[in-house]
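Chain by chain, the residues run as shown.
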Amino acid sequence: MSATGLGLDEIMADHGQDRQFAWHLLGVVLRTVRDRLPVDMASHLGAQLPLLVRGTYYEQFEPSRMPQKSRSLEEFLGPVEQGMDDTRPVDPKAAVQSVFKVLFHHIDPGQIRKIRASLPADVRQLCPDPDTKH
């Protein structure tokens, strides 16, 4: 993820040419993922993000409350949907897929494998598998 692009162009390709909306969507999904990872894994992911993205990633960070357990796709998507309430409508599943796609293109494949492995199976389906050709 370059410091200038931040992956926003990829999100805008999926959700329309509104940079502010794409930035908000990126932050909401990244924080949802972060809160469901073990603290050390969340920190490793944060370290791979560009400085500007890292700021929104660590917004409202409470390591003592991590990891939050999501046993189902609906439990995982709930905070995404809630975080996007004050914007135009967006399918939370599509939002998560867009951000996972950005991470897949810009984060170390080994880190993606670890993130996928720590998520429930139905959430894992939204994240591209680095071991499968895309």
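Placed above this text is the structure.
Residues numbered from 1 in each chain as written. Predicted model: local features only at pLDDT ≥ 70, side-chain atom pairs only at ≥ 80, totals over all residues. Heavy atoms only, no water.

Caption draft 1: Expanded view of the overall build of the protein chain. Summing up its helical and strand segments, the protein chain has eight helices and zero strands in all. Reading the secondary structure of the protein chain in the N-to-C direction produces α-α-α-α-α-α-α-α. On C-alpha atoms alone, the protein chain measures out to a radius of gyration of 14 Å, which is about the 14 Å that the 2.2 N^0.38 rule sets for 134 residues. Summarising its shape, the C-alpha atoms of the protein chain cover approximately 35 × 30 × 30 Å along the three principal directions. Put simply, of all contacts in the protein chain between residues at least 6 apart along the chain, 67% involve residues at least 24 apart. Total accessible area on the protein chain stands at roughly 7,000 Å², and carbon and sulfur atoms take up 50% of it. Between the centroid of the 16 positive side chains of the protein chain and the centroid of its 18 negative side chains there is a distance of 5 Å. (Helix = DSSP H or I, 4+ residues; strand = E, 2+ residues; numbered from the N terminus. Rg over C-alpha atoms; globule rule 2.2 N^0.38 Å. Contact = heavy atoms within 4.5 Å. Areas by Shrake-Rupley, 256 points an atom, 1.4 Å probe, with all protein chains shown as cover. Lys, Arg positive; Asp, Glu negative; His and termini not counted. Charge placed at Lys NZ, Arg CZ, Asp CG, Glu CD.)

Caption draft 2: Geometry of the nonpolar core. F100 and L103 are the most contacted members of the largest nonpolar core, which totals 38 residues. For this core, the secondary-structure elements that each account for two or more residues are α1 (8-15), α2 (19-34), α3 (39-48), α4 (51-57), α5 (73-83), α6 (92-106) and α7 (109-118). The greatest single-element share of this core, amounting to eight residues, is contributed by α2. (Core = buried A, V, L, I, M, F, W, Y, C linked by side-chain atoms within 4.5 Å. Buried < 20%, exposed > 50% of the residue type's maximum accessible area, 1.4 Å probe, protein only.)

Caption draft 3: Molecular detail of the packing of aromatic side chains. All chains considered together, the criterion is met by two aromatic pairs. Relative to Y58, the ring of Y57 has its centre 5.0 Å away and its plane inclined at 80 degrees; by these criteria the two rings are edge-to-face. Residue class for Y57 comes out buried when judged on its relative accessible area of 0%. Overall, the relative accessible area of 27% leaves Y58 in the partly exposed class. (Phe/Tyr/Trp six-rings, centres within 6.5 Å; stacked < 30°, edge-to-face > 60°.)

Caption draft 4: Summary view of the packing of α1 against α2. Between α1 and α2, whose axes approach to 9 Å, the crossing angle comes to 105 degrees. By the criterion of interaxial angle, the relationship of α1 to α2 is roughly perpendicular. Within the contact between the two elements, α1 uses L8, D9, I11, M12 and H15 and α2 uses R19, F21, A22, W23, L25 and L26. Looking at the contact of α1 with α2 residue by residue, the classes come out as eight nonpolar, one polar and two charged. (Axes fitted to C-alpha atoms, helices over the stretch in contact; angles between N-to-C directions. Parallel < 35°, antiparallel > 145°, perpendicular 65-115°, else oblique. Nonpolar A, V, L, I, M, F, W, Y, C, P; charged D, E, K, R; others polar.)

Caption draft 5: Focus on the side chain of H15. As for its position among the elements, H15 is in helix α1. Note on H15: relative accessible area 13%, which makes it buried. Among the polar contacts made by the side chain of H15, one reaches the side chain of S98 at a distance of 2.8 Å. Not counting residues up to four positions away in its chain, the partners in contact with H15 are F21, L25, R88, V90, A94, A95 and S98. (Polar contact = N/O pair within 3.5 Å; in protein donor to acceptor, adjacent residues only side chain to side chain.)

Caption draft 6: Structural context of α2. With 16 residues, α2 should cover 22 Å at 1.5 Å per step; its first-to-last C-alpha distance of 22 Å lies within 8% of that length. Where α2 is buried, its residues meet α1, α3, α4, α5, α6 and α7. A distance of 3.2 Å separates the backbone nitrogen of Q20 from a side-chain oxygen at the start of α2, and that oxygen is part of D18. (Expected span 1.5 Å × (residues − 1).)

Caption draft 7: Layout of the packing of α5 against α6. At a minimum axis distance of 9 Å, the contact between α5 and α6 shows a crossing angle of 85 degrees. By the angle between their directions, the pair α5 and α6 is classed as roughly perpendicular. Here L73, F76, L77, V80 and E81 of α5 lie close against α6, whose contacting residues are P92, K93, A95, V96 and F100. A class-by-class count of the residues in the contact of α5 with α6 yields eight nonpolar, no polar and two charged.

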